[in-house]
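Next come the chains, spelled out residue by residue.
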Amino acid sequence: MQVLQVQLEVGPDPAEVGRARRWARSRLVGSGIGDDEPLAETLILLISELVTNAVVHTGCPAVLRMLFGSAGAVGTVRVEVADASGCPPRPRHAEGDDTNGRGLELVDGLADRWGWQPEGAGKRIWCEVDGGVPLSAPATVVAGPVVVPAAPFGVQRTATGATGVPVAPVNGSGIAQSRNA
């Protein structure tokens, strides 16, 4: 199966998040995922969280990528957000009435797999949602596993490579997160 990749450059302005959601929704519809399907709603929420994190926490432009199979069946959809900040994502736990701090918890709860990897001077945060058919490995994914020791709580984690093999956490939770592992 051929993989279709689309991408959008996002400016360092929180107003860009709405534009990214509208763009992503139109691309999902164009790929055969209905606008009102639960899969589309889940993906739009994930995109909103990842783009918001990139724009708000880095103050840098970002690139949103979506990868999905171009065949008729809806399979795994991969969302990637790359930014110029080398700081690793820092999952937080929001308390009660806190107005932020839930983004990566939402990603962890909604995505089948998620993680991050260094990319140049910055990083790429990604997540995947399974829609039925596995996503073939795109050429833009870093080949081979990447071990990243910069976990905020001192756990070494491994990100996926170009093999497309589902990712399992290493030494507990980590860069590579999976509800299925």
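Provided above is the structure to which this section pertains.
Keep in mind that what you see is a predicted model, and the values were worked out from it rather than measured.

Observations concerning the side chain of serine 85
Moving on, step 1. Structurally, the position occupied by serine 85 is in the loop between strand E3 (77–83) and helix H3 (103–110).
Moving on, step 2. A polar atom in the side chain of serine 85 sits 3.2 Å from the backbone nitrogen of cysteine 87.
Moving on, step 3. Residues contacting serine 85, with those up to four places away along its chain left out, are Thr58, Ala121, Gly122 and Lys123.

Some remarks on the pairing of strand E4 (residues 113–119)
Moving on, step 1. Here E4 lies mainly inside the structure; five of its seven residues are buried.
Moving on, step 2. Between E4 and strand E5 (residues 122–129), which pair antiparallel in sequence order, lie two residues; one of them, glycine 120, sits at a positive phi of approximately 60°.

Thoughts on the environment of aspartate 108
Moving on, step 1. Along the polypeptide, aspartate 108 turns up in helix H3.
Moving on, step 2. For aspartate 108, a relative accessible area of 35% gives the class partly exposed.
Moving on, step 3. Between the C-alpha atom of aspartate 108 and that of leucine 46, which follows or precedes it by 62 residues, the distance is 9.6 Å.

Things to note about the pattern of salt bridges
Moving on, step 1. The tally for this structure, following the rule as stated, stands at 12 salt bridges.
Moving on, step 2. Taking the shortest distance from any N to any O, the salt bridge between glutamate 41 and arginine 25 comes out at 3.1 Å. Of the two residues, glutamate 41 sits in helix H2 (residues 38–58) while arginine 25 sits in helix H1 (residues 16–30), which places them 16 residues apart along the sequence.
Moving on, step 3. Judged by its relative accessible area of 40%, glutamate 41 falls in the partly exposed class.

Some thoughts on the packing of H1 against H2
Moving on, step 1. Look at H1 against H2: their axes get within 9 Å of each other, and the N-to-C directions meet at 150°. Note on packing geometry: the crossing formed by H1 with H2 is right-handed. Mapping the contact onto sequence places Val17, Ala20, Arg21, Ala24, Arg25 and Leu28 in H1 and Ala40, Glu41, Leu43, Ile44, Ile47, Ser48, Val51 and Thr52 in H2.

A closer look at the layout of surface pockets
Moving on, step 1. Of the pockets and cavities examined, the largest pocket occupies roughly 510 Å³.
Moving on, step 2. Taken together, 24 residues line the largest pocket, and the ones lying closest to its centre are Asn53, His57, Arg90, Arg92 and Leu104.
Moving on, step 3. Elements with a contribution of two residues or more to the lining of the largest pocket: H2, H3 and E5.
Moving on, step 4. Ranked by residues supplied to the lining of the largest pocket, first place goes to H2 with eight residues.
Moving on, step 5. Broken down by class, the residue content of the lining of the largest pocket amounts to nine nonpolar, nine polar and six charged.

How each quantity is defined
- Residues numbered from 1 in each chain as written.
- Predicted model: local features only at pLDDT ≥ 70, side-chain atom pairs only at ≥ 80, totals over all residues.
- Heavy atoms only, no water.
- Helix = DSSP H or I, 4+ residues; strand = E, 2+ residues; numbered from the N terminus.
- Polar contact = N/O pair within 3.5 Å; in protein donor to acceptor, adjacent residues only side chain to side chain.
- Contact = heavy atoms within 4.5 Å.
- Buried < 20%, exposed > 50% of the residue type's maximum accessible area, 1.4 Å probe, protein only.
- Pairing = 2+ DSSP bridges.
- Salt bridge = Lys/Arg side-chain N within 4 Å of Asp/Glu carboxyl O.
- Axes fitted to C-alpha atoms, helices over the stretch in contact; angles between N-to-C directions.
- Left-handed = near helix turned anticlockwise from the far one by under 90°.
- 1 Å grid on protein atoms, 1.4 Å probe; cavity = no way out; pocket = protein on both sides within 12 Å on 5 of 7 lines; lining within 4 Å.
- Points joined across faces, edges and corners; volume = space filled by probe spheres on them.
- Nonpolar A, V, L, I, M, F, W, Y, C, P; charged D, E, K, R; others polar.

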